[in-house]
Structure formats: structure tokens, C-alpha cells
Amino acid sequence: MSLFELEAALRFIRENDRFLVVSHVSPDGDAVGSTLAVGLMLGILGKTFTMANADPLPRKFAYLSGYDEVRLPDDRSAEEANYECVIAVDCADYERIGAAARWFSPDKRILNIDHHPTNDGYGEVRLIRPDAASTTELLHELIDAIGIAWSKPLAECIYTGLLTDTGGFRYSNTSPRVMQIASRMLSFGVSGYQLAEWLLEIMPYSQMQLLRRALATLAFAADRQICWMTLTMGDLAEAEANQEDSGGLVNYARNIEGVRVGLLFKESAPDEIKVSFRSDGSVDVADFAHSLGGGGHVRAAGCTLRMPMEEAVGHIVERLKGYLT
Ligand code: 5GP
Ligand code: MN
């Protein structure tokens with residue numbers, strides 16, 4: 001980010017009050033960590049603020065400070081649905097704020113803090129840096145610039161975004177800078193091994209039941225360069241799984257030797273299929289997902305199709321075969 005962008009963001013925060021902090025639908029570790037880090041920062045600065053998300057935060061992030069304070073779209077009074085100063089974090093496009101946008105005043109001004117290369121540049125003030133591994137990496141710099149003291153709860157938010165968006169410090173976005181910030185967060189009391197175990201290794205029983213069903217559907221195309229799995233609403237019901245249990249399962253398709261693109265097709269509602277893409281880096285799945293109305297990163301992207309499962313699989317696999325060649 002340029003100094004100018006950072007200065008504009010600092011001014012937006014310093015010169016205003018009564019903020020609404022939002023992130024994207026189906027929030028992940030970076031979305032949750034970023035939302036709560038901004039909340040902690042605003043609290044320390046003596047600002048009034050509310051945090052909201054279109055969807056409930058996954059329970060696995062309940063150890064983060066402020067987790068219980070994030071509110072759902074319908075949980076508001078008339079005067080509350082009127083925020084003029086919005087801080088949107090980790091949210092690549094305006095639509096992905098989802099129903100949390102119901103809290104915005106018609107006169108809203110948005111500070112857009114994000115690291116997605118597909119960010120469409122919404123908002124009056126923008127702090128967008130695609131070379132950052134996570135939005136919390138950007139917030140680390142912002143917090144230093146604004147000059148508040150570091151604490152363990154704040155460091156846990158930053159570390160959570162770094163850990164989850166780098167796949168446990170393994171993806172290609174794991175830069176020297178990421179490791180420096182992670183190291184610094186450990187020095188403020190974050191327990192790196194406990195968070196790694198909790199967020200990357202432990203799996204709820206219902207998620208393992210869902211994985212068992214997903215693996216039973218493994219299918220391949222294009223000389224096993226494409227691999228996919230499907231999960232129907234029936235599978236989710238039988239496994240007694242919730243929406244968050246499907247997170248990460250797509251990696252099992254992508255991690256098979258020789259596979260360039262792994263996909264998970266999940267029925268999120270009747271005739272509504274949420275597709276997750278993971279690539280080995282040789283295919284830009286953000287570009288591919290973008291052509292289907294979605295987006296994301298080179299190696300991890302997604303989109304939603306409104307059609308039956310069979311049609312969605314056929315449509316995407318055929319297009320992807322053409323895209324690979
Ligand atoms: P996931 O497969 O875990 O849901 O999403 C992987 C990545 O793709 C996320 O980092 C997210 O930014 C992006 N993504 C997933 N679904 C969508 C979508 O419908 N629209 C856009 N713009 N990005 C998406
Ligand atoms: Mn992120």
C-alpha cells in the first residue's frame with residue numbers, strides 16, 4: 001500500500017466515530033481475525049463501533065476476543081441500521097458483504113481494507129494490497145501506524161488470519177514478512193502450536209462424517225488433472241454437518257498427485273451449488289471463477305451456480321477441460 005493510502009485510512013479512522021465493521025459472507029479465519037482486530041483497535045482508540053456479519057462466525061474462532069459481539073443482519077433496531085462510517089475487511093467485492101449491508105446508511109462511506117487481487121475497488125477510501133498474504137497482515141501495519149499498544153488478544157487476531165490464509169505457513173504467499181509478523185505475534189503471547197492444532201488438525205466428528213461421504217464421490221477428468229467431489233444437502237443432513245464443516249475438504253481433491261485443479265461442488269440450497277476451486281498454481285482459478293461470476297486467488301477461488309448438481313458439474317468440468325488446454 002502506498003503511504004498516501006495508509007494516511008487516508010488513518011484519517012478515516014481518526015476523524016470519524018460510530019463505525020460499522022463488516023467482512024464477507026461465510027467468514028473464514030482472516031475475515032474473523034480482521035473484523036475482531038479492527039474492533040479491538042477501535043475500542044482502544046475510544047471509538048464507538050458495531051461489528052456485523054451476514055453469517056454466523058464459525059464456532060472454531062470462539063477463542064478470539066470479541067467473538068460474541070459480532071451481530072447478524074436482522075439483529076438491529078431502526079436507528080442502528082444507519083451507519084455512515086463502514087470499515088470492510090477481507091471483502092473482495094461489495095456484494096460479498098451480503099445482508100450486513102442492511103446496516104448501512106444511504107450516505108455511507110466505506111474504508112475497504114483487503115488483499116484479494118480481484119478486489120473491485122469499491123469504497124471511498126481503499127487500502128488494497130494483493131501482495132499481502134492476509135488482510136490481517138495489512139492490519140498489522142495499520143495498527144503500528146496508528147500507534148496503539150500490542151496485546152495478546154490483538155496478536156491472536158492477526159496471527160489467526162496469517163495462519164489460515166497461508167494454510168499453516170505453507171502456501172506460496174508465506175513471505176519473509178509473514179514469518180516476521182508471526183514471530184512478533186508469538187512474542188506477544190500467542191500460542192502458535194495450540195492454534196495450529198485447533199485450526200488445522202482437530203476436526204469435528206460431523207466434519208469427518210462429511211469427508212467420508214465426499215471421498216466416496218471422487219471423480220476425475222482430463223487424465224486426472226481435474227478431480228472433484230460432490231456434497232448434496234442430503235449428505236450434509238446425514239452427517240449432521242453444518243455449512244462450516246465443508247471448509248477445507250476440497251484440499252483432498254487437490255492434493256492427489258498430478259491433479260492441477262481440485263473442486264468441491266456443495267449444494268447450499270435446492271438448485272444452488274457452491275463451487276470451491278483449488279489449483280496447484282499452474283492454473284489461475286481466480287480468473288476461471290471470475291468468468292462464472294465468482295472470484296478469489298490464483299490457487300483458491302469459488303463461485304455459486306443456480307442449477308441442479310449434475311448440470312453444475314457437467315458445465316464446469318467441460319469448461320475447465322477447455323481452460324486447461
Ligand atoms: P472457498 O472455496 O474457501 O469458499 O473460497 C476460496 C476463495 O475464493 C476465498 O478466499 C474467496 O475469496 C473466494 N471466493 C469463494 N467464493 C467466491 C464468490 O462467490 N465470489 C468471489 N468473488 N470470491 C469467492
Ligand atoms: Mn483473506
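The rules we used
Residues numbered from 1 in each chain as written. Chains lettered and ligands numbered in written order. Predicted model: local features only at pLDDT ≥ 70, side-chain atom pairs only at ≥ 80, totals over all residues. Heavy atoms only, no water. Donors = N, O, S within 2.8 Å, 3.2 Å for Na, K, Ca; no water. Helix = DSSP H or I, 4+ residues; strand = E, 2+ residues; numbered from the N terminus. Buried < 20%, exposed > 50% of the residue type's maximum accessible area, 1.4 Å probe, protein only. Near = heavy atom within 4 Å. Polar contact = N/O pair within 3.5 Å; in protein donor to acceptor, adjacent residues only side chain to side chain. Contact = heavy atoms within 4.5 Å. Phe/Tyr/Trp six-rings, centres within 6.5 Å; stacked < 30°, edge-to-face > 60°. Lys NZ or Arg CZ within 6 Å of the ring centre and 35° of its normal. Salt bridge = Lys/Arg side-chain N within 4 Å of Asp/Glu carboxyl O. Patch = residues over 30% accessible without salt bridge, like charges linked within 9 Å, V, L, I, M, F, W, Y side chains within 5 Å. Areas by Shrake-Rupley, 256 points an atom, 1.4 Å probe, with all protein chains shown as cover. Pairing = 2+ DSSP bridges. Axes fitted to C-alpha atoms, helices over the stretch in contact; angles between N-to-C directions. Expected span 1.5 Å × (residues − 1). Parallel < 35°, antiparallel > 145°, perpendicular 65-115°, else oblique. Left-handed = near helix turned anticlockwise from the far one by under 90°. Nonpolar A, V, L, I, M, F, W, Y, C, P; charged D, E, K, R; others polar.

This next bit is on the coordination of the manganese ion (ligand 2). Around the manganese ion (ligand 2), the donor atoms from the protein are Asp 30 (OD), Asp 90 (OD), His 115 (NE2) and Asp 165 (OD), and they sit 2.2 to 2.3 Å away. Counting along the primary sequence, the residues that act as donors to the manganese ion (ligand 2) give the motif D-x59-D-x24-H-x49-D. Of the two residues, Asp 30 is situated in helix 2 (residues 29-44) and Asp 90 in the loop between strand 3 (83-89) and strand 4 (104-114); the sequence distance between them amounts to 60 residues. The same class applies to Asp 30 and to Asp 90, which are both buried.

The environment of ligand 1 is made up of 14 residues, and the closest members are His 116, Lys 274, Ser 276, Arg 278 and Ala 301. His 116 has a polar side-chain atom sitting 3.1 Å from an oxygen atom of ligand 1. The side chain of Arg 278 places a nitrogen or oxygen atom 2.8 Å from an oxygen atom of ligand 1. Secondary structure elements with two or more residues in the shell around ligand 1: strand 9 (272-279), strand 10 (295-296) and strand 11 (300-305). The biggest single contributor to the shell around ligand 1 is strand 11, with four residues.

What follows is about the environment of Phe 288. Its location among the elements puts Phe 288 in helix 10 (residues 285-290). Taking the C-alpha atoms as reference points, Phe 288 and Leu 57, 231 residues apart in sequence, are found 28 Å from one another. The contact partners of Phe 288, leaving out residues within four places of it in the chain, are Phe 277, Ile 316, Arg 319, Leu 320 and Tyr 323.

Under the criterion given, the structure shown has eight aromatic pairs. Where Trp 150 meets Phe 188, the ring centres are 5.7 Å apart and the plane angle is 5°; that geometry is what we call stacked. Placement of Trp 150 in the loop between helix 3 (135-146) and helix 4 (152-165) and of Phe 188 in the loop between helix 5 (176-187) and helix 6 (192-201) is noted, with a sequence separation of 38 residues between them. Residue class for Trp 150 comes out buried when judged on its relative accessible area of 15%. Taken together, Tyr 94, Phe 104 and Tyr 122 form an aromatic cluster joined through their ring pairs. One residue, Arg 18, lies across the ring of Tyr 83, its end atom 4.2 Å from the ring centre.

Time to look at the side chain of Asn 112. With respect to the element layout, Asn 112 can be found in strand 4. Given a relative accessible area of 0%, Asn 112 falls into the buried group. For Asn 112, the residues in contact, after removing those within four places along its chain, are Ala 88, Cys 91, Asn 119, Gly 121, Tyr 122, Val 125, Arg 126, Leu 127 and Ile 128.

Okay, the pattern of salt bridges next. Tallied over the full model, the rule gives nine salt bridges. The shortest N-O distance in the salt bridge between Asp 144 and Arg 184 comes to 2.8 Å. Residue Asp 144 is located in helix 3, and its partner Arg 184 is located in helix 5; the two are separated by 40 residues in the primary sequence. The closest approach of N and O atoms between Arg 213 and Glu 238, which form a salt bridge, is 3.2 Å. Taken together, the residues span a long stretch of sequence, with Arg 213 in helix 7 (residues 205-215) and Glu 238 in helix 8 (residues 233-238) at a distance of 25 residues. One salt-bridge network, held together by shared partners, links Arg 129, Asp 131, Glu 137 and Glu 141.

Taken together, Leu 215, Leu 218, Phe 220 and Tyr 252 make up a surface patch of nonpolar side chains, about 320 Å² in accessible area. Assignment of secondary structure puts Leu 215 in helix 7. Taking the relative accessible area as the measure of exposure, Leu 215 reaches 35% and is therefore partly exposed.

Okay, the sheet that holds strand 8 (residues 261-269) next. Reading across the sheet, the six strands line up as 6-7-8-9-11-10 and stay open at both edges, with mixed pairing between neighbours. On the outer flanks of this sheet lie strand 6 (219-221) and strand 10, each paired with one strand and no other. Relative to strand 11, strand 10 runs antiparallel, the two being bridged by two bridges. Residue Gly 295 lies in a different strand from strand 11, and its bridge partner there is Gly 302. Sheet contacts for helix 11 (residues 309-324): strand 6, strand 7 (226-231), strand 8, strand 9 and strand 11; angle to strand 8, the most-contacted strand, approximately 155°.

Here helix 2 is 16 residues long and its end C-alpha atoms lie 22 Å apart, about the 22 Å a rise of 1.5 Å per residue gives. For helix 2, the buried fraction is high: 13 of the 16 residues fall into the buried class.

On to the packing of helix 2 against helix 4. Contact pair helix 2 / helix 4: the axes reach a minimum separation of 8 Å and the direction vectors enclose 160°. Compared by their axis directions, helix 2 and helix 4 come out roughly antiparallel. In this structure, the crossing between helix 2 and helix 4 has a hand that is left-handed. On helix 4, the residues that touch Gly 29, Asp 30, Gly 33, Leu 36, Ala 37 and Leu 40 of helix 2 are Pro 153, Leu 154, Cys 157, Ile 158, Thr 160, Gly 161, Thr 164 and Asp 165. Tallied by class, residues from the contact of helix 2 with helix 4 come to seven nonpolar, five polar and two charged.

It is worth stressing that arrangement in space is one thing and function is another; only the former is reported here.
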